[in-house]
Amino acid sequence: MAEAADFQGTSASPARRWMRRAGALLAGAPLLAGLLQLPAAAPAQAASSAPVSVSLDNLSPSVPTDGDTLTVAGTVTNNGKRTVTGAHVNLRVGPRLTTRSAIDSVARHSDEPQGGTGTEVDDKYEEKFATLPPGVAEHFSISVPVDKLDLGEDGVYEFGVSLSGQTSAQPWDQMLGIRQTFLPWQSSEADTRTRTTFLWPLISSVHMTAKTGAGDLQTPVFLDDGLAKELAPGGRLAQMVELGKDLDVTWVIDPDLLASVDAMATGNYRLPDADGTTTPGSREHQAVAKQWLAGLQKAVAGKEVVALPFADPDLASLAHSGTSVTGSLSHLKDATDVAATTVKTVLHVTPTIDFAWPVNGAVDPSIMKVATSAGADRVIARSDSLQETAGLPYTPSAARPVGGGTTAVVADARLSRAFEGDMTKAGSATLAVQRFLAQSLELNAQTDEERSVVVAPQRVPTASQAQAMAAALRELQGSGWSQSQDLTAAAKAKPDPGATTRIPSTSVYPSSLRRQELPRAVFAQIARTQDKLDNFQVILTDRSRVATPFGLAIHREMSTSWRGSGDEAAGYRDGVETWLDELADQVRLIDKSETKLSGRSATIPVTVQNRLVQPVGHLVLRLTSTMPTRLKIGDKAYYEQRVDVSGGHSQSVKFTTSANANGRVTVVAQLFTEDGQEYGAPVTFDVKVTEVTPTVMLVIGGGVLLLVLAGFRMYTQRKRAAARQADEEGPGTTEGDMDEPGNPGAPGDRLPEEPDSASGAGDPEQPSDPAPDTAPESADPSGTGERVDR
């Protein structure tokens, strides 16, 4: 049971560390009296106050073999207040380290003068400085034949560069500063090689918005021009491609990055201005995007490409907060489906899409369930999450069957985290490379059994981190103990029977990661935006113009890249939803003021406006009377008509109404989709019903006057006729003679014929209903105080 503690991240006991350091301190008797008063933790404090700092900027070759000459270069800087005299830089070779935990321990205390161990190399291989004034940095370079290092059997050796000298306060030769690292020594090819898979992540942050231009090309609008900087020569993404093209790696790609670069390369992308408008992106940047894509296509040729779900959704956030919101898991499935199409279209390779990669490889049962819900049956975990509990004396292979047909591919945490931190300084990068190689060699030496190991570095390496990773990989691929392997092969490798397969509980999920997760409110907003999108695209004749940019933008709202950027993430989500609201509002009802209705029936127009570039349809306009006993729409309380409006046009829809009583009635116009969902805001207006108006009164008054005049005319005519008859008969004619039959004035006789209008006034039959008092309909929308078409 050589190294059970290695897999728990523990190191050698404090007692062993103290004994080792105490042995080194005995050689520096003048310092011993003071140091013996310090507790065991004091050396770590002493490291930060070392009089001289040593930076190891270059160690070449990183993995020496017989016959090589080792070159060590760097700088020494006097951090104290006194000049160092008689300074000399020398090399030290320490003991062979036999556990991975021992390597960790040395790395944690690499700059402690009290922790320096080993023996100095022949003093002929040293560099001297007569004086080293305060604040002054001096460069050094030492070359030594490897056979002068007295390395023994194959393995990892502690290796250090130290500066010794004296000051006026302490005028004796002493070690004033040291930098320790590791020297992997493999004199011949190992009997068994570790199969190593290194993931090369090509992932960026979100760059594209949901906005597109109105033309056929739908020119995309980007958040900013940050992507162009990453793609330009020397940029992060440019270096990732340039460095990775010659390495045996598995490319892990976010398809959203490819879609964004492709949009920049093939279309005239636009950038937002401060005033809310947009301006065209640089033609130069468009050329840079094309060049980058061409380089990537060559780099991945013949290599395994693993496509993450589109926009790299945050699986942990989805598992812990999103599953309680209806529809959230469907976004993950859609993001997985579009991933393969995007990669194949842009890179012309068929990617593997059945791997899921939670943040930092941290897993729990809920994350595993969500990760596999979209079809991924292999989950990339990490050994500091899926820790070994069986006490294996070696690091087991990555593949672990965890049940339900799912395989956890457990990346080695030590190797995966080797390049975190600031790698801009040469000293930091050199130490990271040497530590990585040392851990790899020590892992291989643990057993003669062949194993498959996976290295999953940070998701978004910086340019300097990528350079350090590439340097380590080049050395590893030329070593005698490692053999490259792609991720699919590692997942299919025979698992160690003693390796743990138990997924840790949710309670032990790292709190530091949980604090960065997207909360439930985010997924609720995403669901609301999706509902609005579904309601909007129903009315469109070309749904792809909206469904595609907004669907991809919703995927981006779930991106892992938003971790640690809560304000920016909220701004992006709000921007997507606001833009969707603005587009949907381009199809709307035109407001109406009070409408006056004269007579018993009339036609009321309602106008639908479409300011989109495409026609809309599948809409129903409903007009509803709030008082159907006074005013009916058609023959009931409401009436519906289907609406189709061409792009950039308005359409007036006419509704026939009938009034039963005078007064004011509120009418509501509302658009609906064909599936019965309300669309847009309703328009409410009043209809004032007045059946008897001044015009009608004038008509009635005119008719009465005509009747009076007709009666007066009949009366005068009869008086004249009676007078003539009296004149003709002469005196003696009595009044009663006029009533006899046959006399002209007798009741049975007809008067001279009158016009049809006069004779009709006395018709006893019930006249038919008059024709509707409506005029031809108008196509114009009603204005303020208008009278409706009648």
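Residues numbered from 1 in each chain as written. Predicted model: local features only at pLDDT ≥ 70, side-chain atom pairs only at ≥ 80, totals over all residues. Heavy atoms only, no water.

Caption draft 1: Geometry of unusual backbone geometry. Residue Pro 61 is reached from Ser 60 by a cis peptide bond, and omega for that bond is -5 degrees. In this fold, Pro 61 is placed in the loop between β1 (52-60) and β2 (69-78). A positive phi angle is found at Asn 360, which is not glycine, with a value near 55 degrees. Assignment of secondary structure puts Asn 360 in the loop between β16 (355-356) and α11 (365-373). (Helix = DSSP H or I, 4+ residues; strand = E, 2+ residues; numbered from the N terminus.)

Caption draft 2: Here's a closer look at the packing of helix α13 (residues 426-445) against helix α14 (residues 463-477). For the pair α13 and α14, the least separation of the axes is 9 Å and the interaxial angle reads 40 degrees. As for the relative orientation of α13 and α14, their crossing is right-handed in sense. Contact residues: Ala 429, Val 433, Phe 436, Leu 437 and Ser 440 in α13; Ala 468, Ala 471, Ala 472, Glu 475 and Leu 476 in α14. Among the residues making up the contact of α13 with α14, the classes are represented as 8 nonpolar, 1 polar and 1 charged. (Axes fitted to C-alpha atoms, helices over the stretch in contact; angles between N-to-C directions. Left-handed = near helix turned anticlockwise from the far one by under 90°. Contact = heavy atoms within 4.5 Å. Nonpolar A, V, L, I, M, F, W, Y, C, P; charged D, E, K, R; others polar.)

Caption draft 3: Main features of the packing of aromatic side chains. Counted by the stated rule, this structure contains 6 aromatic pairs. With a centroid separation of 5.4 Å and 40 degrees between ring planes, the pair formed by Trp 562 and Tyr 572 is classed as tilted. Separated by 10 residues along the polypeptide, Trp 562 in the loop between α18 (544-556) and α19 (566-584) and Tyr 572 in helix α19 bring together distant segments of the chain. When its relative accessible area of 10% is taken as the criterion, Trp 562 is described as buried. For Tyr 572, a relative accessible area of 5% corresponds to the buried category. What links up through ring pairs into an aromatic cluster is the set Phe 198, Trp 200, Phe 419 and Phe 436. Above the ring of Tyr 638, the side-chain terminus of Lys 636 is found at 5.1 Å from the ring centroid. (Phe/Tyr/Trp six-rings, centres within 6.5 Å; stacked < 30°, edge-to-face > 60°. Buried < 20%, exposed > 50% of the residue type's maximum accessible area, 1.4 Å probe, protein only. Lys NZ or Arg CZ within 6 Å of the ring centre and 35° of its normal.)

Caption draft 4: Broad picture of helix α10 (residues 328-347). Taking 1.5 Å as the rise per residue, α10 with 20 residues should run 28 Å; its terminal C-alpha atoms sit 29 Å apart, in good agreement. Just downstream of α10 lies His 348, where phi reads positive at about 60 degrees. (Expected span 1.5 Å × (residues − 1).)

Caption draft 5: Focus on the environment of Gly 302. Position of Gly 302 relative to the elements: it lies in the loop between α8 (283-300) and β15 (305-307). Sequence separation of Gly 302 and Val 349 is 47 residues, and the distance between their C-alpha atoms is 9.0 Å.

Caption draft 6: Spatial organisation of the environment of Pro 220. Looking at where Pro 220 falls in the secondary structure, it is placed in strand β11 (residues 220-222). Considered as a pair, Pro 220 and Gly 267 are 47 residues apart in the sequence and their alpha carbons are 7.6 Å apart. Beyond its immediate stretch of four places on either side in the chain, Pro 220 contacts Met 208, Lys 211, Thr 212, Ala 263, Tyr 269 and Arg 270.

Caption draft 7: Layout of the layout of surface pockets. Looking at the largest pocket, its volume works out to about 1000 Å³. Among the elements of the structure, β1, β2, α4 (100-108), β8 (174-185), β19 (406-411), α12 (413-416), α13 and β20 (452-455) are those that each provide at least two residues to the lining of the largest pocket. By residue number, the principal contributor to the lining of the largest pocket is α13, which donates 7 residues. Looking at the lining of the largest pocket, its residues break down into 19 nonpolar, 17 polar and 13 charged. (1 Å grid on protein atoms, 1.4 Å probe; cavity = no way out; pocket = protein on both sides within 12 Å on 5 of 7 lines; lining within 4 Å. Points joined across faces, edges and corners; volume = space filled by probe spheres on them.)

Caption draft 8: Focus on the sheet that holds strand β18 (residues 399-403). Reading across from one edge, β16-β17-β19-β18 is the order of the 4 strands in this open sheet, with mixed pairing throughout. Two strands in the sheet have a free side with no partner beyond their single neighbour: β16 and β18. With 5 bridges connecting them, strand β17 (residues 378-382) and β19 associate as parallel partners. Residue pairing in the sheet places Ala 381 in a bridge with Val 410 of β19. Lying over the sheet, α11 contacts β16, β17, β18 and β19, oriented at roughly 145 degrees with respect to β17. (Pairing = 2+ DSSP bridges.)

Caption draft 9: Main features of the pairing of strand β29 (residues 663-673). Pairing of strand β25 (residues 616-625) with β29, which is carried by 7 bridges, proceeds in the antiparallel orientation. When the sheet's bridge partners are listed, Leu 623 is paired in β29 with Ala 669. The pairing of β29 with strand β30 (residues 678-690) spans 9 bridges and is antiparallel. Counterpart to Val 667 in the pairing with β30 is Phe 685. Connecting the antiparallel pair β29 and β30 is a turn made up of 4 residues, with Gly 676 showing a positive phi of about 90 degrees.

Caption draft 10: Local environment of the sheet that holds strand β6 (residues 137-145). Judged by pairing direction, the sheet is antiparallel, and its 3 strands sit side by side in the order β1-β2-β6 without closing on themselves. Looking at the sheet topology across the chains shown, the edges are occupied by β1 and β6. Between one strand and the next, the sheet's axes are offset by a mean angle of 20 degrees, whatever the strand orientation.

Worth remembering: the numbers are spatial, not functional.
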